[in-house]
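# Topology and contacts: notes
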Amino acid sequence: MAAAGAAAVAANGFGLPDGDGGTPAHSALPPATAQVTRQTLLDTQTETGDLGYGDTTKVASRLSGTLTGLPVPGSTVKRGQAIFRIDNAPVVLLYGKLPAYRALSTGAEGGDVKQFEQNLSALGYDGFTVDDEYTASTASAVKQWQEDLGLTETGTVELGRVVYVAGAVRVDSYDAELGDAAQPGESVLSYTGSNRVVTVELDVEDQRLAKKGAAVTATLPDGKTAPGKITKVETVVQPAEGQNPATTKIEVTVAVTDAKALAALDAATVDVAFTASERKDVLTVPVAALLALAEGGYGVQVVDGGSARIAAVQTGLFASGRVEVTGDGLTEGATVGMPS
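Definitions and limits used
Residues numbered from 1 in each chain as written. Predicted model: local features only at pLDDT ≥ 70, side-chain atom pairs only at ≥ 80, totals over all residues. Heavy atoms only, no water. Helix = DSSP H or I, 4+ residues; strand = E, 2+ residues; numbered from the N terminus. Rg over C-alpha atoms; globule rule 2.2 N^0.38 Å. Buried < 20%, exposed > 50% of the residue type's maximum accessible area, 1.4 Å probe, protein only. Lys, Arg positive; Asp, Glu negative; His and termini not counted. Charge placed at Lys NZ, Arg CZ, Asp CG, Glu CD. 1 Å grid on protein atoms, 1.4 Å probe; cavity = no way out; pocket = protein on both sides within 12 Å on 5 of 7 lines; lining within 4 Å. Points joined across faces, edges and corners; volume = space filled by probe spheres on them. Nonpolar A, V, L, I, M, F, W, Y, C, P; charged D, E, K, R; others polar. Pairing = 2+ DSSP bridges. Phe/Tyr/Trp six-rings, centres within 6.5 Å; stacked < 30°, edge-to-face > 60°. Lys NZ or Arg CZ within 6 Å of the ring centre and 35° of its normal.

### Let's talk about the overall build of the protein chain
A tally of helices and strands in the protein chain yields two helices and 22 strands. In summary, the protein chain has a C-alpha radius of gyration of 31 Å against a globular reference of 20 Å for 340 residues, an excess of more than 25%. Taken across its 340 residues, the protein chain has 39% of its residues classed as buried. Counting 25 positive and 41 negative side-chain charges, the protein chain places the averaged centre of each group 4 Å from the other.

Take a look at the structure:
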């Protein structure tokens, strides 16, 4: 929070130390007081999000033919399984970040070779070295893989036979129907991640809350809470509609750590508590105790017995109605004035 948001009143220099740094002058006692506390101060904010499976991604065919097989919507497709079938032959899902961009055969070298071999090994095939070289040993293992899939045993991985994704996917919807003519570049289906996530849209001014990897707490519709973590942060521009101007939002994806907590839920509204900042073991006073000093900055009225003085302070984190303060002679348990 900005210091400008503090409830403060002008002190007009009254009660400040004299120019020689001597004893502060006495001032009238305040109408109310509060204590200086030492605590952990958290800048938290709760926003509402939607439980679902996150963004959808389209899968296009790289092969020509007839679409003969599609997985059931809502089902999960894992490594080595068919994401769809063209001419009754599987297009296989594998894991990786690099899209397939060429056929792979003996003599090929590169990162795409290593990525494919890593998948082949993870599926239980062996007899080759996982590296960036497609050797005769790799081709031999590919023939075994092709035989198991019911494919012609060529030892070559044709372009379009595999689709790379980050991990297991959930089939969301179809973009084509069984019996359609598949053409390279045309979308066949859309998928999401396989785990449910909470998506929260934040205003740009709340971007401080959106820190990838940060811990959050989700409050479910039944009132129970579950820990979570921010896994993705994106800036999303929503185009103008009619007389409504375009807007920019911060879209935050939250993964709930305990998936069992979501077992009984399908779509739901979830409250997410974000922690933007944390300051441990700091001195704090109520924000309302701050005085805006005439010469700039802030102070507090320190009450000691029957007298009071103004002490200049440096402010830190503002949160939950309190503010972190430091200043000469300011200690835990001290009494400060609360202006009327």
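From this point, the discussion proceeds with the structure in view.
### Describing empty space enclosed by the protein
Remark: the empty space left among the atoms is shown by a probe the size of a water molecule rolled over them. Evaluation of the coordinates by the stated rule reveals one cavity of 30 Å³ or more. Here the largest cavity is characterised by a volume of approximately 80 Å³. If you go around the largest cavity, the residues you meet are Ala100, Tyr101, Arg102, Leu104, Asp112, Val157, Glu158, Leu159, Gly160, Val162 and Tyr164. Along the lines of polarity and charge, the residues of the lining of the largest cavity split into seven nonpolar, one polar and three charged.

### Thoughts on the pairing of strand S15 (residues 225-238)
The pairing of strand S14 (residues 215-219) with S15 spans five bridges and is classified as antiparallel. Bridge pairing in S15 links Ala215 to Lys229. The antiparallel pairing of S14 with S15 creates a hairpin that spans five residues between the two strands, and Gly223 there sits at a positive phi of about 90 degrees. Bridge count between S15 and strand S16 (residues 247-256): ten bridges; the pairing is antiparallel. Its bridge partner being in S16, Lys229 is matched across the sheet by Ala255.

### Notes on the packing of aromatic side chains
Scanning the model with the defined rule gives one aromatic pair in all. Over the ring of Tyr53 we find Arg170, and its NZ or CZ is 4.0 Å from the ring centre.

### Regarding the layout of surface pockets
Approximately 480 Å³ is the volume attributed to the largest pocket. Looking at the lining of the largest pocket, the elements with two or more residues in it are strand S12 (187-193) and S15. Within the lining of the largest pocket, the residues separate by chemical class into seven nonpolar, nine polar and two charged. If you add up the space inside the second largest pocket, you get close to 320 Å³. If you go around the second largest pocket, you meet 20 residues; those closest to its centre are Pro99, Ala100, Val162, Val163 and Tyr164. Where the lining of the second largest pocket is concerned, the elements lending two or more residues are strand S4 (57-60) and strand S9 (162-165). Split by residue class, the lining of the second largest pocket holds 13 nonpolar, four polar and three charged.

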